[in-house]
Structure formats: C-alpha cells, structure tokens
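Here's the letter readout for the chains.
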Amino acid sequence: MAVASMVCVQLGLAASVALMDRVGAEGAAWLRLFWAGVILVVVVRPRYAEFSKTALRIGVALGVVTAGVTMLFMAAVERLPLGTASALEFLGPLGVAVFRSQRTGRAWVMVAAVGVLLLTQPWTGRADPLGVLFALAAAACWAAYILLTQRVGDEVAGLAGLSISMPVAALTATAVAGPGVVDQLTPELMLLGIGLAILLPVVPFSLELLALRRLTAGAFGTLMSLEPALALLIGLVALGQVPNATAVAGIGFVVVAGIGAENTGARPVATSDDQPRAELGLAHRS
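The present account deals with the structure reproduced in this document. (Residues numbered from 1 in each chain as written. Predicted model: local features only at pLDDT ≥ 70, side-chain atom pairs only at ≥ 80, totals over all residues. Heavy atoms only, no water.)

## A few points about the packing of helix α1 (residues 2-44) against helix α2 (residues 53-77)
We count it as follows: All axes are obtained by fitting lines to C-alpha atoms, using only the stretch in contact for helices, and the reported angles, taken between N-to-C directions, cover 0 to 180 degrees. What counts as a helix is a DSSP run of H or I of at least four residues, what counts as a strand is a run of E of at least two, and both are numbered from the N terminus. Every angle not falling under 35 degrees, over 145, or within 65 to 115 is termed oblique; those three ranges are roughly parallel, roughly antiparallel and roughly perpendicular. By definition, turning the near helix anticlockwise from the far helix through less than a right angle yields a left-handed crossing, and turning it clockwise yields a right-handed one. Residue contacts are defined here by distance: any two heavy atoms, one from each residue, within 4.5 Å place the two residues in contact. Just so you know the grouping, Ala, Val, Leu, Ile, Met, Phe, Trp, Tyr, Cys and Pro go in nonpolar, Asp, Glu, Lys and Arg go in charged, and all remaining residues, Gly too, go in polar.
Across the interface, α1 lies against α2 with an axial gap of 9 Å and an inter-helix angle of 150°. The angle between α1 and α2 falls in the class roughly antiparallel. Like other packed secondary-structure pairs, α1 and α2 cross with a definite hand, here left-handed. Within the contact between the two elements, α1 uses L13, S16, V17, M20, A25, E26, A28, A29, R32 and L33 and α2 uses T66, A67, T70, M71, F73, M74, A75 and V77. Its residues assigned to classes, the contact of α1 with α2 shows 13 nonpolar, 3 polar and 2 charged.

The following block contains the structure:
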C-alpha cells in the first residue's frame, strides 16, 4: 500500500505536467488543491465549531504551507526533470530527520550534499537555476509541513486535520493563481482536476493510513526514502525524461541519505493504530 501510494503521487505529478501545457504550473496546482479541498469537506463533513482554537490556528498555517509546497513544486517540475525536482524537494524531510538525529545525522548531510551536486551539475550550466530555487523552496515548505502536521496530529485524529488544512490550501491557491486561470477553464479541465485531486492527494493519503497500521515507523520511512528513485522511473516511462549517469548517482546519494537519516532520527511512535503519518514525522506533500 505504501508503494501504491508513492506510485499514485508520481503518476499524479506526471499527469499534472501534461496539464501545465494548458493552464501553467500554478493553474495545475490550483486545480488539484481546489478539488482536494472540496472532496475532503464533502467526505469528512467537519464540524469546525468542535475543533480547538489551537487546532484551527495550526490547521490554517498548515493549509498555507500545503499550498506553498504544491505550487512551488509544480513550478520546479515545469523547469526540471521529475526525478531531479523530487530529489531536491526530498531535502525537506531529510533535513527534519537529520535535525532530530542531531550529531549522528551530520554525515547524512554530507551524503545529501554530494547528491545535490550530482543532480544539479552546476559545472555544466544545464540545470535551470530558477527551477532549482523553486524545488529548494518546496523542500523548505515540506519541512514546515511535517512539523505543522505533527502539531495538528496531536490535536485531531484521522482525516480531520486535512479537512481544516486542504480547504485553506485551496483558498490560498485560488488567491494566488485563481484569477489567472478562471478564463482558461473548461468543463473538460474541471473534470480532469477532479481526477488529479483523487489521484493526488486523496487516494495516497488513504493508502498511507492503511499502510501505517501494518508497518513500523522505520520501515515506512525507509520506503518513503525511495520516492526520488521512483520519480526518476516515472519520469523516464511517462514523460520520456532520460537522466544521465551522474544524475542517477545523485538520486542514489539522496536516497541513501534519506534512509540513513530516517533510521537515526525517527520520532517515538504512539500506540494508536490510527496514528496519522505526520505523527511519525513522515508527512507527505499534498
């Protein structure tokens, strides 16, 4: 189920690349966030009056960060190969894991740094600097997403946290990208947006909740560390993005750093079977 979740994420991103040709990176991100917000409100039917002020406050902040990581990452994918963008974005959760592992995590920072150099290959001048900047900004947002989702997970359980954050993310994306996309919308694009929202993040999040009932935090974190490599494969098969050997080696370094940092920096696991992924420090972008 965890692997199926990652496949859904990367297929959703690959499908969004095709959509970017019609509505741009911001428009593709907005369609996903808008419909994800609508779907979660309809399915969960949250009663916001029953949430604590702390949960609402953190949930709103989480929604803004969710919009940021989604829109920034789509802007990065518009300029970089999917595998490269995913590996750079993975530096966010990697940084959180390294921070938790304190001194024992410093070696993994160096391993990840080597991976970034091999991925971006600054000596060739091929990597789009703006794309790299967007991917690194998305990584910072993903790190904030993890920390905020952990806080929300301490306040509410299950999908309730998403029922706060995703509508806020949809409103944030609407304020940023909505005015420039509305004139381009067609019934076909709206239906495509619903499909993409289901593919990412609705289905992956549900699969991850089920997977967490059967996997330890360490096993789950190790699986998630493989996502940059999966992004490379999806980019090759679905988008025809053929990486060179140096980029493949760079992704390998990032994956190894992620596995190592996760094994040394996992958060203690609670006993609840329904514990959200974020409580394990493994929250995923939406």
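On we go from here.
## A look at the packing of α1 against helix α7 (residues 160-181)
Where α1 contacts α7, the axes come no closer than 8 Å and their chain directions differ by 145°. Read as a crossing pair, α1 and α7 show a hand that is left-handed. Touching V23, E26, G27, W30, L33, F34, A36, G37, L40, V41 and V44 of α1 are L162, S163, M166, P167, A169, A170, A173, T174, V176, A177, G178 and V181, all from α7. Looking at the contact of α1 with α7, its residues break down into 17 nonpolar, 5 polar and 1 charged.

## Here's the deal with the pattern of salt bridges
How we decide: What counts as a salt bridge is simple: a side-chain nitrogen of Lys or Arg found within 4 Å of a carboxyl oxygen of Asp or Glu. Think of it in three bands: residues with accessible area under 20% of the maximum for their type are buried, residues over 50% are exposed, and the middle band is partly exposed, with areas taken using a 1.4 Å probe on protein chains only.
Considering all chains together, one arrives at 3 salt bridges under this definition. R22 is the salt-bridge partner of E188, the closest N and O atoms lying 3.4 Å from each other. On the criterion of sequence distance, the pair formed by E188 in helix α8 (residues 187-212) and R22 in helix α1 is long-range, its members being 166 residues apart. Where E50 meets R47, a salt bridge forms, and the shortest distance between an N and an O atom there is 3.6 Å. You can call R47 exposed: its relative accessible area is 60%.

## What to know about unusual backbone geometry
The amide bond that connects L200 to the next residue, P201, takes the cis arrangement and shows omega of 20°. As for its placement among the helices and strands, P201 is situated in helix α8. Phi is positive for Q121, which is not a glycine, with a value near 45°. Along the chain, Q121 turns up in the loop between α5 (106-120) and α6 (129-155).

## Concerning α7
The condition is simple: A helix is expected to span 1.5 Å for every residue after the first. Note that bend, as reported per residue, equals the angle between axes fitted to the 7 residues terminating at that residue and the 7 residues originating from it.
Taking 1.5 Å per residue as the helical rise, α7 with its 22 residues ought to reach 32 Å, and the 29 Å between its terminal C-alpha atoms agrees with that figure. At A175, α7 shows its strongest bend, of approximately 55°, with the proline P179 following within four residues.

## Here we look at helix α10 (residues 227-239)
Because each turn of an α-helix spans 3.6 residues, side chains separated by three or four positions end up pointing in the same direction. Helix length check: α10, at 13 residues, gives a terminal C-alpha distance of 17 Å against a target of 18 Å (1.5 Å per residue), a fit within 8%. Positive backbone phi, approximately 70°, marks G240, located one or two places after α10.

## Concerning the environment of G27
Examined against the element boundaries, G27 turns out to sit in helix α1. Judged by relative accessible area, which is 1%, G27 ranks as buried. Along the primary structure G27 and M74 are separated by 47 residues, whereas in three dimensions their C-alpha atoms are 9.4 Å apart.

The values reported here are purely geometric and, on their own, carry no functional implication.
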